[in-house]
Protein chains: 2
Amino acid sequence: MADSAIQIGELSRRTGCNIETIRYYERIGLMPAPPRRGRYRSYGADDVGRLGFVRRARELGFTLDEVRALLGLAVGGNASCAEVRNLAASHLKDVRARIADLKRMERVLADSVRDCDAGQDPGCPLLDALGAAARVA
Amino acid sequence: MADSAIQIGELSRRTGCNIETIRYYERIGLMPAPPRRGRYRSYGADDVGRLGFVRRARELGFTLDEVRALLGLAVGGNASCAEVRNLAASHLKDVRARIADLKRMERVLADSVRDCDAGQDPGCPLLDALGAAARVA
DNA sequence: GCTTGAGTCTGTAGTCGCTACAGATCGTAT
DNA sequence: ATACGATCTGTAGCGACTACAGACTCAAGC
């Protein structure tokens, strides 16, 4: 592999990951501390790959701890595919639960806004939904 | 109104709000500092109502700043119903955006898990989705 | 009267995943 | 020589809690 060393700014550009975030990942051990050219961090193709992986996993909503686990499994070769699957499946459950939560919120909010637009209510439909009226000091 | 003074533990029980959280709300000015009986906080029916309101608004996903605004509007009477409506509508937009985000995640995750269960793939479908393979060091 | 236990008090620090500085230093172009 | 941009370290802030430690108060039981 030729001399493909890049600085942190270029790594940031290539991965779409904020510079401060890259240094943060290094601090918490998610990215390895790269060698230095002078005092500047010097990254290679591996780092671009690894950081891209982290970023995509984050976009799928994995926590940093989960990303750490995924990275460990990814390095271990595809023997660990079943473990990856389980991690993903459990995360998927989380995501679905969050969607369900948000949908419940959505329904109540949408109903209140609709009732408000209808303007029949004597009070305020949303405040009523929140149990306001006489109860709030 | 008779002597319905309660302590923080009872307020917590009645609203389902953690004691530490109640004190936190007081610190940030979301709940008023109640009078003391000795050195213990002494709450009344108003506080139960107000804290219940806060809790329900939080359950609908409003931020504490939004809750603060809602509380202000709730106190002002229903003259401010339009403002409440706008706050809710803008929050609803947020909620819907978050749902859309999560659904995108859900789709990718579900696909990967399904592919993994099919077990046709030479590598690991999820790791592939993350762009792993040769790219992760 | 004395102890025990539950409840409450204050103050501070931790969580997660960044983000935003301040102030120093480095490397290059003019 | 100097200006400019990129990078460096270290620290503090966000939101919304949560989790202590260590002191205190209060009522009941023996």
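Residues numbered from 1 in each chain as written. Chains lettered and ligands numbered in written order. Predicted model: local features only at pLDDT ≥ 70, side-chain atom pairs only at ≥ 80, totals over all residues. Heavy atoms only, no water.

## As for the protein's contact with DNA strand D
Threshold: The criterion for a residue being near a molecule or strand is simple. One of its heavy atoms has to lie within 4 Å of it. Two N or O atoms count as a polar contact when they lie within 3.5 Å, although within protein this holds only if one can serve as hydrogen donor and the other as acceptor, and sequence-adjacent residues are included solely when both atoms are side-chain atoms. Under the scheme used here, helices are H or I runs from DSSP no shorter than 4 residues and strands are E runs no shorter than 2 residues, and both carry numbers assigned from the N terminus.
Taken together, 20 residues form the shell around DNA strand D, and within it A:Arg23, A:Arg36, A:Arg41, B:Arg39 and B:Arg58 come nearest. Near the protein, meaning within 4 Å, the atoms of DNA strand D are sugar or phosphate in a fraction of 73%, with bases accounting for the rest. Between A:Gly9 and DNA strand D, the recorded distance is 3.0 Å, taken from a backbone N or O atom to a phosphate oxygen. A:Tyr40 places a side-chain nitrogen or oxygen 3.3 Å from a base nitrogen of DNA strand D. Residue assignment for the surface near DNA strand D shows that the elements contributing at least two residues are α1 (8–15), α2 (19–27) and β2 (40–41) of chain A together with α2 (19–27) of chain B. Considering every element that reaches the surface near DNA strand D, the biggest residue donor is α2(B), with five residues.

## Comments concerning the protein's contact with DNA strand C
Taken together, 20 residues lie near DNA strand C, and A:Arg58, B:Arg23, B:Arg36, B:Tyr40 and B:Arg41 sit nearest. Looking at DNA strand C alone, sugar and phosphate atoms form 71% of those within 4 Å of the protein. B:Arg36 places a side-chain nitrogen or oxygen 2.8 Å from a phosphate oxygen of DNA strand C. Every element with two or more residues in the surface near DNA strand C is listed here: α2 of chain A together with α1 (8–15), α2 and β2 (40–41) of chain B.

## Here's the deal with the packing of aromatic side chains
Residue and element names in this part refer to chain A. To be explicit about the condition: Pairing of aromatic side chains requires ring centres within 6.5 Å, counting the rings of Phe and Tyr and the six-membered ring of Trp. Pairs whose planes differ by under 30 degrees are stacked, by over 60 edge-to-face, and all others tilted. Classification of residues uses two cut-offs on accessible area relative to the type maximum, computed with a 1.4 Å probe and protein chains only: under 20% is buried, over 50% is exposed, and between them is partly exposed.
Evaluated as defined, the whole model comprises two aromatic pairs over all chains. With centroids separated by 5.9 Å and ring planes inclined at 45°, the aromatic side chains of Tyr24 and Tyr25 adopt a geometry described as tilted. Tyr24 gets classed as partly exposed once you look at its relative accessible area, which sits at 34%.

## Some words on the interface of chain A and chain B
This is how the line gets drawn: Note on contacts: a residue pair is in contact if any heavy atoms of the two residues lie within 4.5 Å. In this description, buried area is defined as the sum, over both parts, of the accessible area (probe of 1.4 Å) that is lost when the two are combined. By definition, a salt bridge exists where a carboxyl oxygen of Asp or Glu is found within 4 Å of a side-chain nitrogen of Lys or Arg.
Listed per partner, the contact involves 49 residues of chain A and 49 residues of chain B. With both sides pooled, the region where chain A packs onto chain B buries about 4400 Å², and carbon together with sulfur makes up 77% of that total. Where chain A touches chain B, the interface holds four salt bridges. In this assembly, chain A and chain B are joined by six residue pairs in polar contact (both at pLDDT 80 or more). Where the side of chain A that touches chain B is concerned, the elements lending two or more residues are α3 (45–59), α4 (64–75), α5 (81–118) and α6 (125–129) of chain A. The leading source of residues in the side of chain A that touches chain B is α5(A), at 21 residues.

## What about the packing of α1(A) against α3(A)?
Residue and element names in this part refer to chain A. The test is simple: Between N-to-C directions, angles cover 0 to 180 degrees, with each direction set by a line fitted to C-alpha atoms, over the stretch in contact for helices. What sets the label is the angle itself: under 35 degrees gives roughly parallel, over 145 gives roughly antiparallel, 65 to 115 gives roughly perpendicular, and the rest give oblique. A clockwise turn of the near helix away from the far one marks a right-handed crossing, whereas an anticlockwise turn of less than a right angle marks a left-handed crossing. Asp, Glu, Lys and Arg are counted as charged, while Ala, Val, Leu, Ile, Met, Phe, Trp, Tyr, Cys and Pro are counted as nonpolar; the rest, among them Gly, fall into the polar class.
Relative to each other, α1 and α3 sit at 45°, their axes nearing to 10 Å. Comparing the axis directions of α1 and α3 gives the class oblique. Crossing handedness for the pair α1 and α3: right-handed. Note on element contacts: α3 touches α1 through Asp47, Val48, Leu51, Gly52 and Arg55, opposite Leu11, Arg14 and Thr15. In terms of residue class, the contact of α1 with α3 is made up of three nonpolar, two polar and three charged.

## Here's the deal with the pattern of salt bridges
Enumeration according to the criterion identifies 22 salt bridges over all chains in this entry. Notably, a salt bridge pairs A:Glu59 with A:Arg55, separated by 3.1 Å at the nearest N-O pair. Placement of both A:Glu59 and A:Arg55 in helix α3 is noted, with a separation of four residues, approximately one turn of the helix. Overall, the relative accessible area of 45% leaves A:Glu59 in the partly exposed class. A residue is classified by how much of its surface remains accessible, and A:Arg55, at 31% relative accessible area, is partly exposed. We note a salt bridge from B:Glu106 to A:Arg96, for which the minimum N-O separation is 2.7 Å. Taken as a pair, B:Glu106 in helix α5 (residues 81–118) and A:Arg96 in helix α5 lie in two separate chains rather than in one. Under the relative-accessibility criterion, A:Arg96 is labelled partly exposed at 41%. One network of salt bridges, in which partners are shared, links A:Glu10, A:Arg13 and A:Arg14.

## Description of the nonpolar core
The cut-off we apply is this: Here, nonpolar core refers to any group of buried Ala, Val, Leu, Ile, Met, Phe, Trp, Tyr and Cys residues whose side-chain atoms link them within 4.5 Å.
Among the nonpolar cores identified, the biggest contains 75 residues, and A:Phe62, A:Leu70, A:Leu126, B:Phe62, B:Leu70 and B:Leu126 are the most heavily contacted of them. The leading source of residues in this core is α5(B), at 13 residues. Look past the residues within four positions of B:Leu126 in its chain and what remains in contact with it is A:Phe62, A:Leu70, A:Val84, A:Ala88, B:Leu109 and B:Ser112.

## Here's the deal with the relation of the copies chain A and chain B
The test is simple: Only residues with pLDDT of at least 70 in both copies contribute their C-alpha atoms to the least-squares superposition of the copies.
Turning chain A through 180° and shifting it by 0.0 Å along the axis lays it on chain B, with an RMSD of 0.1 Å. Put plainly, the chains are arranged around a two-fold axis. Of the C-alpha atoms belonging to chain A, the one lying closest to the rotation axis is found on A:Ile99, 2.9 Å away. A shared interface surface links the copies, since 100% of the contact residues of chain A are contact residues in chain B too.

Fair warning: the whole summary comes from geometry, so function is off the table for now.
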